[in-house]
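One-letter residues, chain by chain:
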Amino acid sequence: MTLTVQPHRETLGLKDGRLLIGGEFRESDETWTHHHPATGEEIGSFAVASEKDVDAAVRAARKAFDEGTWPRSKAGERIKVLRRYGDLLREHADELKGLQALDNGVPLTFGQIYATSVGIAADIFDHHAGWIDKVGGQTLPPYQGGDHLAMTFREPVGVVAAILPWNAPFVLFAQKLAPALAAGCTVVVKPSEYASFCVIRMVELLIEAGLPEGVVNLVTGPGNPTGEALITHPGVDKISFTGSRAVGRRIVEASAGTMKRVSLELGGKSPAIVFADAPNVGLAAMTCMGMVTMGLSGQACVAHTRALVARDVQEEFVATASMLAGAVTFGDPFDPAVLASPLINGKQLERVLGYIERGQEDGARLVTGGTRLEGDLAAGNFVAPTIFADASNDMAIAREEIFGPVLTVVPFDDEEEAIRMANDTEYGLGAGVYTNDVRRAFRVSKRLRVGMVGINGFQLEPHVPFGGFKQSGLGREGGQSAYEAYTELKTVMMPLTDELM
């Protein structure tokens, strides 16, 4: 039977997407037609923001920042709006998860997993609402003598360009907009052209929550023309982007002319180091393989796609990972029996298959998978969960971000070799360490050049800073550090005299 998602489109009442500029929803001269990654069907269309549209959106955000009430609103007012928005997200969770399933094919079954969870997005807004009345400045006494005080203040950075990826639109929308709005910034948000419908609805709910017009503006469309016009616009003060290194480099280059503030999360090739004394080697294998296959099919920046496994337990690890790979189900993302998504588009499908071919040519042992799924799934971008074993750390499948359901297992002989291989990469986003030795766990974690380490598991939380070392990005999302990244620090020198002179 041919797979179709059209009935779900009708049930959700999907409408063509429009831009939001200065509080007004509007059309554009061009549109983008979205095809579902599981079926190839046309799902709907949305406006493509031109350079002129982007200019109008940035100007609206600038006006709301320079002349509007939001940047100067009382803490209690911003707290109320952000918490009301969190409640609205929870109320509309089923609708939003359905829209995401139409966007990127992530199954509803995985709607509670961190990266695809509406509830976590709501928690992030609640969390950053809590910082609004707590993050302030300092009062500093004279250091070299004299009658004066130094006072510091945190002020909103200005107009923010928030550019989202397609794989985790809920959480990344929240990780960028929650701290920006909490700090008093205004925003122009651009979702990926492969996950726009759920973001359009999230923006509509922000308006319903009571956000003043112009504070959040929405421009949809591909990187060219929409994204390029946004990152080069002189009216933007800060860019927050999650996506590829190539685009991240372009953003750094484009921001230099006006010294825009930049936050970037640019992916990784995250290692999981599994020592022979791991509490449960099978559980470590299931954790790694689950990150590589379940839900997003390995299309996640922090997935532990490179398993560095003690040689003595490699076969045990591979056997358990293979068992899980065989249990993964694909198909209609609205079917509760489906556990994993398709790859996002044909280009990504060819990229993943190319890496699988290269892995075999380089001499890695293909344990399972390695093929495109056919039959009823032939019209979709499905690749079978794939495991390579006995790989070396210099192979492309062990060094480059594949962004697909491919786990590369590299054996090691001792701790020093494991650490050396883990750090021998251009990336530095996340890592896992599996051991029963507490001292080893901390010793190895401190030596890994990554932004986040999970010991005998891996969990992301709204209040925990997340970001990478090296070419995995700049800055952090989550927690107080994220809030402060959307502010500027101002110092005021005040004389201690009866009169200001």
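Residues numbered from 1 in each chain as written. Predicted model: local features only at pLDDT ≥ 70, side-chain atom pairs only at ≥ 80, totals over all residues. Heavy atoms only, no water.

Here we come to the packing of aromatic side chains. Each pair of aromatic rings is reported with the distance of its centres and the angle of its planes. On inspection of all chains with the given rule, the structure shows seven aromatic pairs. Arranged with centres 4.7 Å apart and planes meeting at 75°, the rings of Tyr 85 and Phe 125 form a pair that is edge-to-face. In this pair, Tyr 85 is assigned in helix H3 (residues 75-91) and Phe 125 in helix H5 (residues 118-129), connecting sequence segments 40 residues apart. For Tyr 85, a relative accessible area of 0% puts it in the buried group. With a relative accessible area of 0%, Phe 125 lands in the buried category. On the numbers, 5.6 Å between centres and 70° between planes, the contact of Phe 330 with Phe 382 is edge-to-face. A residue pair is termed long-range when its members are at least 10 positions apart, and Phe 330 in the loop between helix H11 (314-327) and helix H12 (346-361) and Phe 382 in the loop between strand E14 (365-368) and strand E15 (386-389) qualify at 52 residues. (Phe/Tyr/Trp six-rings, centres within 6.5 Å; stacked < 30°, edge-to-face > 60°. Helix = DSSP H or I, 4+ residues; strand = E, 2+ residues; numbered from the N terminus. Buried < 20%, exposed > 50% of the residue type's maximum accessible area, 1.4 Å probe, protein only.)

Under the domain assignment used here, the protein contains domain 1 (5-267 + 473-488) and domain 2 (271-455). Contact with domain 1, which involves 29 residues of that partner, is made by 30 residues of domain 2. Summing both partners gives a buried area of about 2300 Å² for domain 1 against domain 2, and 67% of it is carried by carbon and sulfur. Three residues, Pro 37, Trp 166 and Gly 267, lead the burial of domain 1 against domain 2; their summed loss comes to 24% of the area buried on that side. (Domains from an automatic or database assignment. Contact = heavy atoms within 4.5 Å. Buried area = accessible area lost by both parts, 1.4 Å probe.)

A word on the nonpolar core. Of all hydrophobic cores here, the largest spans 67 residues; its most connected members are Ile 273, Phe 317, Leu 407, Val 409, Phe 412 and Leu 448. Considering every element that reaches this core, the biggest residue donor is helix H10 (residues 281-293), with six residues. Not counting residues up to four positions away in its chain, the partners in contact with Leu 407 are Cys 288, Met 289, Val 292, His 304, Thr 305, Arg 306, Ala 307, Phe 317, Ala 321, Thr 386, Ile 387 and Phe 388. In terms of nonpolar packing, the next biggest core, distinct from the first, is built from 63 residues, Leu 82, Tyr 85, Leu 102 and Val 187 among them. (Core = buried A, V, L, I, M, F, W, Y, C linked by side-chain atoms within 4.5 Å.)

Spatial strand order, E14-E15-E16-E13-E12-E17-E18: seven strands in an open sheet with mixed pairing. The strands lining the two open edges of the sheet, one partner per strand, are E14 and strand E18 (452-455). Neighbour-to-neighbour, the strand axes of this sheet turn through a mean angle of 20°, independent of strand direction. Relative to strand E16 (residues 406-412), E15 runs parallel, the two being bridged by three bridges. (Pairing = 2+ DSSP bridges. Axes fitted to C-alpha atoms, helices over the stretch in contact; angles between N-to-C directions.)

Another point: the packing of H3 against H5. Viewed as axis vectors pointing N to C, H3 and H5 meet at an angle of 170°, and their least axial separation amounts to 8 Å. Relative to H5, the element H3 is oriented roughly antiparallel. The residues of H5 that touch H3, namely those facing Ile 79, Leu 82, Arg 83, Tyr 85, Gly 86, Leu 89 and Arg 90, are Val 118, Ala 121, Ala 122, Asp 123, Phe 125, Asp 126 and Ala 129. (Parallel < 35°, antiparallel > 145°, perpendicular 65-115°, else oblique.)

Okay, the pattern of salt bridges next. One pass over the full model with this rule turns up 28 salt bridges. Here Arg 59 ties to Asp 55 by a salt bridge, and the two come within 2.9 Å at their closest N and O atoms. You can see Arg 59 and its partner Asp 55 sitting in helix H2 (residues 51-67), four residues apart, about one turn around the helix. For Arg 59, a relative accessible area of 57% translates into the label exposed. When its relative accessible area of 25% is taken as the criterion, Asp 55 is described as partly exposed. Shared partners join several salt bridges into a network, and the residues in it are Asp 87, Arg 90, Asp 123 and Asp 126. (Salt bridge = Lys/Arg side-chain N within 4 Å of Asp/Glu carboxyl O.)

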